[in-house]
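Secondary and tertiary structure notes
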Amino acid sequence: MTVRTAPEPVVVDELITETADRLFGELCTHEAVQAAEEAGGAPDIWDAFCETGFDLIAVPEEAGGSGGTLAEAIEVLRLVGYHSAPIPAAENGILGGWLLAEAGLERPDGLVTVVPPRAAAGDWSGASCSADGTVESGPAETVSGAAGGANCSAHIADDGTAQLRGSALRVPWARSAELIVCVCESDGQPAVIAVPASQCEITPLPNMAGEPRDTVSFDGATGVAAPVPDGVDAEALAQRGALSRVALMAGAIEKMCQLTVSYTNERVQFGRPVARFQAVQQHLVWAAQDAALVRMAAEVAAREATRGEASFEIAAAKLIANQAAARATKACHQAHGAMGMTQEYPLHHFSRRLWSWRKEYGSDAHWAGVLGTMATGVGADGLYPLITSGTSALG
Amino acid sequence: MRFTPTELTGPELDLQAEVREFLAAELPPGTHEPCLGMAADHDREFSAKMAARGWVGMALPSRWGGSDRTAVQRFIVVEEMLRWGAPVGHHWVADRQTGNVILKFGTDEQRERFLPPICRGELGFSIGMSEPDSGSDLASVTTRAERAGDGWVVNGTKIWTSNAHMNDWFICLLRTAPMEDGNKHAGLSQFLIDLRSPGLEISPIPFLDGSHHFNEVTFHDVFVPDANVVGQPGMGWHQNTTEMAYERGGPDRWLSPFSTVEQLLREAAGTQMEGAVSDLFGELAARWWGIRNLSLSVARLIDEGEAPSVESALVKEMGTRYEQEVVEKLVQLIDEEYSPESESLFERLLAQCVVTFPGNTIRGGTIEILRSVASKGLQGLPA
Ligand SMILES: Cc1cc2nc3c(=O)[nH]c(=O)nc-3n(C[C@H](O)[C@H](O)[C@H](O)COP(=O)(O)OP(=O)(O)OC[C@H]3O[C@@H](n4cnc5c(N)ncnc54)[C@H](O)[C@@H]3O)c2cc1C
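About the cut-offs
Residues numbered from 1 in each chain as written. Chains lettered and ligands numbered in written order. Predicted model: local features only at pLDDT ≥ 70, side-chain atom pairs only at ≥ 80, totals over all residues. Heavy atoms only, no water. Helix = DSSP H or I, 4+ residues; strand = E, 2+ residues; numbered from the N terminus. Rg over C-alpha atoms; globule rule 2.2 N^0.38 Å. Buried < 20%, exposed > 50% of the residue type's maximum accessible area, 1.4 Å probe, protein only. Contact = heavy atoms within 4.5 Å. Areas by Shrake-Rupley, 256 points an atom, 1.4 Å probe, with all protein chains shown as cover. Near = heavy atom within 4 Å. Nonpolar A, V, L, I, M, F, W, Y, C, P; charged D, E, K, R; others polar. Domains from an automatic or database assignment. Buried area = accessible area lost by both parts, 1.4 Å probe. Salt bridge = Lys/Arg side-chain N within 4 Å of Asp/Glu carboxyl O. Polar contact = N/O pair within 3.5 Å; in protein donor to acceptor, adjacent residues only side chain to side chain. Patch = residues over 30% accessible without salt bridge, like charges linked within 9 Å, V, L, I, M, F, W, Y side chains within 5 Å. Pairing = 2+ DSSP bridges.

In this section: the overall build of chain B. The helix and strand tally for chain B stands at 11 helices and eight strands. In terms of overall dimensions, chain B is globule-like: its C-alpha atoms have a radius of gyration of 21 Å, near the 21 Å expected for 383 residues. Dimensions along the principal axes, computed over C-alpha positions, put chain B at roughly 70 × 45 × 45 Å. Per-residue burial over chain B gives 57% buried out of 383 residues. The contacts in chain B between residues at least 6 apart in sequence include a share of 74% that link residues at least 24 apart. For chain B, the accessible surface area stands at approximately 15000 Å², while carbon and sulfur atoms represent 52% of it.

What follows concerns the site of the ligand. Neighbouring the ligand are 18 residues, the closest being Ile127, Ser130, Ser136, Ser162 and Thr366 of chain B. Nearby residues place the ligand at the junction of chains A and B. Protein burial of the ligand: of its 960 Å² of free accessible surface, 65% is covered by the chains. Taken together, the residues that form the shell around the ligand break down as six nonpolar, 10 polar and two charged.

What follows deals with the domain arrangement of chain B. Residue and element names in this part refer to chain B. What the domain assignment lists for chain B is domain 1 (10-123), domain 2 (127-234) and domain 3 (248-378). Centre-to-centre, using C-alpha coordinates, domain 2 lies 31 Å away from domain 3. Each partner contributes to the interface: domain 2 provides four residues, whereas domain 3 provides four residues. Approximately 290 Å² of surface area, both sides summed, lies buried where domain 2 meets domain 3, with 74% of it carried by carbon and sulfur atoms. The three residues of domain 2 that bury the most area against domain 3 are Ser136, Leu208 and Asp209, which together make up 83% of that side's buried surface. Our count for the contact surface shared by domain 2 and domain 3 stands at zero salt bridges. At the junction of domain 2 and domain 3, the tally comes to zero residue pairs in polar contact (both at pLDDT 80 or more). Here the residues of the side of domain 2 that touches domain 3 sort into two nonpolar, one polar and one charged.

Residue and element names in this part refer to chain A. Examined at the domain level, chain A breaks down into domain 1 (14-87), domain 2 (114-227) and domain 3 (234-394). On the side of domain 3, 15 residues touch domain 2, which itself brings 18 residues to the contact. Summing the contributions of domain 2 and of domain 3, the shared interface buries around 1400 Å²; its carbon and sulfur component is 64%. If you look at where domain 2 meets domain 3, you find two salt bridges. For Arg213, the salt bridge goes to Glu360, with nearest N and O atoms at 2.7 Å. Counting across the domain 2 and domain 3 interface gives six residue pairs in polar contact (both at pLDDT 80 or more). Across the side of domain 2 that touches domain 3, the residue classes break down as 12 nonpolar, four polar and two charged.

Residues and elements named next belong to chain B. A surface patch of nonpolar side chains, amounting to about 240 Å² of accessible area, comprises Leu208, Val354 and Val355. Relative to the elements of secondary structure, Val354 occurs in helix H10 (residues 345-356). Under the relative-accessibility criterion, Val354 is labelled partly exposed at 37%.

With that settled, the discussion passes to the interface of chain B and chain A. At the interface, 53 residues of chain B touch 52 residues of chain A. Buried surface at the junction of chain B and chain A, both sides included, amounts to about 4400 Å², of which 64% is carbon and sulfur. The largest share of the area that chain B buries against chain A comes from Glu7, Trp289 and Gln379 of chain B, three residues that together contribute 16% of it. Between Glu299 of chain A and Arg2 of chain B there is a salt bridge, with its nearest N and O atoms 3.3 Å apart. Seen at the junction of chain B and chain A, the total is 15 residue pairs in polar contact (both at pLDDT 80 or more). Among the elements that make up the side of chain B that touches chain A, the one with the highest residue count is helix H8 (residues 275-303) of chain B (16 residues). Taken together, the residues that form the side of chain B that touches chain A break down as 24 nonpolar, 13 polar and 16 charged.

Right, let's get into the pairing of strand S4 (residues 161-172) of chain A. Residue and element names in this part refer to chain A. Summarising the sheet, S4 and strand S9 (residues 222-227) pair through three bridges and their orientation is antiparallel. Looking across to S9, one finds that Ala162 is bridged to Gly223. The pairing of S4 with strand S8 (residues 213-217) spans four bridges and is classified as antiparallel. Opposite Ser167, over in S8, you have Ser217 as the bridge partner.

Next comes the structure, spelled out in structure tokens:
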């Protein structure tokens, strides 16, 4: 007799995988990705991507999105990572699109980006603001945080108009955005503030892969604030952001491994392909393990996040991805010799993104701390059930 | 190569709960000295109790005493047993591999003779592959079986034989035809040999900590009847390779230090835990979650009729290295000196891990050899 039931399966439409893979495969050539880095963006690739509607998967149709599940959006992000597509897919879609939909705020025609919460500093608050007409305390100068950051305050009027001060760091693609969105608390309630980028002063800054991670100064900017349901807060944003990075990283590690297998089979030294050397095979095998591990982590975390709470899976997946990125980039670079150190050869599109994404939305130490609280909280008898059942074992 | 995520079905979750209830009643947490993975105590009574639940040889057909269960169901039982540190040593080898080999390559008579008692948890098997001059290069074995009447006469020496002094039967890879130039894989055959046969001598080789685990097994004109040849004479290499695939990628390759980590958490409960200690529990939970998902997906592939040999080799290579990494992290974390006779159970277990886990990346094929297997698979070459 069956007592327990398994949850409904979460299925990703294969057509999404095929279409996105083909699209990015055609557009994201080595040259195009390199050119996007120099130009600080690739509007043509972005437009072609938006034409498929994939930019707004998992954003509800009522909110102007394309529908579909979070798992499907995550699958698209995996392919963004696999092709090093130089586009703000996560910010505009499952992060910004999600926040605007939850807040009932209108989305613009142009690009939406999101201010990452200061996860790395252990500070879950985004912009702090208050709805009682006074400007919230807190220094308005810039505070740096490895995972991006915000240190700003807002004055929210009764009609929802928000006057902002301060600045936010490492805001992805802010220079191309039409709207900048942040989460905050207003009178103890979670709220979202949307500010037109035209109101802000934006200073370009690249991450290690040359992707825009700009500094946004809000002084004098006016936006709109709207309340959001409980649970749509800085912590939830940190989790979604981490999940997006895990998906991107899963794709990038997989592609990096494939490049390494091909290269080491073509490169001949001592009269044979270097892949015949056991020392090189070790790099291939270890990198393949990391690729498999991160893809599995991304897919399982996406599955659970699609169903609901996935705090354990996402934290575990990001920690695993961060550690795997460190190992796999090392192995793949070593196996490539000097060729991997050139701009001409594409390995760096993946390795530099991995080094950057590893630090975004939560470092190793941050997520190990979160996981440690969960593991010690369930205690010795709960430790294995946590490993087998994940978040649902947290009670 | 593709690891497809999978999860447990309702009936599989029921089985998991049933195994947990069984273990909580049989070996209440905190009251028994956990074993470290598959190098577990031999307890015929415990094996019989598991068998009574249908959990030994469970994936074998009911026609031969099994329970017609799947690889995933066996995965569930095995992972719970190992993480609990249960004494599964007596039936371990028969359950994991020998039963499968006999089912796949044996005669009906052999299936009738061996499989029902295996499924009752009665028969303990040892593995006779390695020899003094044949380790990684297994095909070079020289222990030979020669025709004699309605059977074979065996001479030679097997070495590193785990638990031959406690087990009943020995599945051996022997040379039945002289080694041919350029084809050393030919001329090998698999035999089932009674460990109490006349002329068979078992001598202990003390393990590094003084315990008795390894043996040397010498054959002096040991007679083995035709009825104990497994499969076709000369097909031993192929059969043996198939057998090794059952050894790989399962929970026994990544769970060995779990009971040690769990015990640390038990002993640390109620104390003020330092951040580094807490973080380590978090990190280990995450890594185990990731590896478990890969390993579970291999079991599911087997149930779907695939032969995921590259995937299994990747998981085993990663899992056994991870086991050693866990121990290293614990060693770095703990200030105290520990002893195999410490008062603290955690310290006793940790001392045992430190001393015995170097073998985890050697037994059943070294990680160096596994890398060759896996990397050929990655490059699409024949293994
Ligand atoms: C705990 C334990 C239990 C065991 N139980 C059993 C048992 O019950 N039955 C049984 O038959 N055997 C058993 N073994 C033996 C085991 O199968 C062998 O130890 C293993 O196959 C390696 O052989 P070896 O020890 O002779 O090492 P060797 O083959 O001599 O290897 C020595 C070193 O050289 C490396 N090496 C060898 N060849 C290559 C190559 N081609 N490329 C790269 N590196 C290479 C190895 O990886 C290793 O690092 C057990 C071993 C251990 C540790």
